[in-house]
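Take a look at the letters that make up each chain.
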Amino acid sequence: MYYRVADFNDLDGLAKLHAESWRESYRGIFSDNFLDNDVWKERKESWTNRLSSPKNNQYVLVAIDNNEICGFICAFGNESSQWGTLIDNLHVSKLGQGKGIGKHLMFLTAKWADEKFQHKGVYLEVLEDNSSARSFYHRLGAKHQETNLWQPPGSNYKVNGMIYVWESNIPLLSLNN
């Protein structure tokens, strides 16, 4: 297992894992039609844009095992003046879960943010119905700050998106111990 910054050659692997993760985690939250038919194309378009025209504060890290992406994180440093660095995506393959990959991706991203940006907080949005992800973030020391309505892709309804915050990078930086 090793970790490295993603590049454009990772496009298909990122889109594939992202689509698979959404299918597994968001069934019953996103529309079945979207998950069954459109998620791959939508995720590939999103990753094409991110990798071909990255924002200056974008950081995408992949976890590689047996020459395949088994996890990734996408962050935007100092995205919020209130909360700091945004973890926009964190996904680990079903086979990779429970092996510390997500925790290590969070540690490496907190380290990057700590070195690059003055604001030392980290935050993310997680869907209320994604209880396993919420439990993971709680175990890593995140605190729920607010709840907003969010419209899933391919739907005409809204769901609760919960903002989870680490006020400083210190809890995440201690994950490597």
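For the structure itself, consult the block above.
Only a predicted model underlies this, so the values are computations on that prediction, with no experimental measurement involved. (Residues numbered from 1 in each chain as written. Predicted model: local features only at pLDDT ≥ 70, side-chain atom pairs only at ≥ 80, totals over all residues. Heavy atoms only, no water.)

Among the nonpolar cores identified, the biggest contains 31 residues, and I87, L90, M106, L124, Y137, W166 and L172 are the most heavily contacted of them. Breaking this core down by element, the ones donating at least two residues are β2 (58-65), β3 (68-80), β4 (84-92), α3 (101-116), β5 (122-127), α4 (131-139) and β7 (159-166). Counting 19 residues, the second largest nonpolar core, distinct from the first, contains A15, L17, F72 and I163. (Core = buried A, V, L, I, M, F, W, Y, C linked by side-chain atoms within 4.5 Å. Buried < 20%, exposed > 50% of the residue type's maximum accessible area, 1.4 Å probe, protein only. Helix = DSSP H or I, 4+ residues; strand = E, 2+ residues; numbered from the N terminus.)

If you add up the space inside the largest pocket, you get close to 960 Å³. Lining the largest pocket are 37 residues; nearest its centre among them are L90, H91, N130, A133 and Y137. Elements with a contribution of two residues or more to the lining of the largest pocket: α1 (11-25), α2 (32-52), β4, α3, β5 and α4. In terms of residue count, β4 provides more of the lining of the largest pocket than any other element does, seven residues in total. Looking at the lining of the largest pocket, its residues break down into 15 nonpolar, 13 polar and nine charged. (1 Å grid on protein atoms, 1.4 Å probe; cavity = no way out; pocket = protein on both sides within 12 Å on 5 of 7 lines; lining within 4 Å. Points joined across faces, edges and corners; volume = space filled by probe spheres on them. Nonpolar A, V, L, I, M, F, W, Y, C, P; charged D, E, K, R; others polar.)

In spatial order, the strands read β1-β2-β3-β4-β5-β7-β6; together these seven strands make up an open sheet with mixed pairing. Because the sheet does not close on itself, it has two edges, and the strands there are β1 (2-5) and β6 (143-150). Taking each pair of neighbouring strands and ignoring which way they run, the sheet shows an average axis angle of 25°. As paired elements, β6 and β7 share seven bridges and run antiparallel to each other. Looking at β7, one finds that L149 is bridged to N160. Along the sheet, α3 contacts β1, β2, β3, β4, β5 and β7; its crossing angle with β3, the most-contacted strand, is approximately 35°. (Pairing = 2+ DSSP bridges. Axes fitted to C-alpha atoms, helices over the stretch in contact; angles between N-to-C directions. Contact = heavy atoms within 4.5 Å.)

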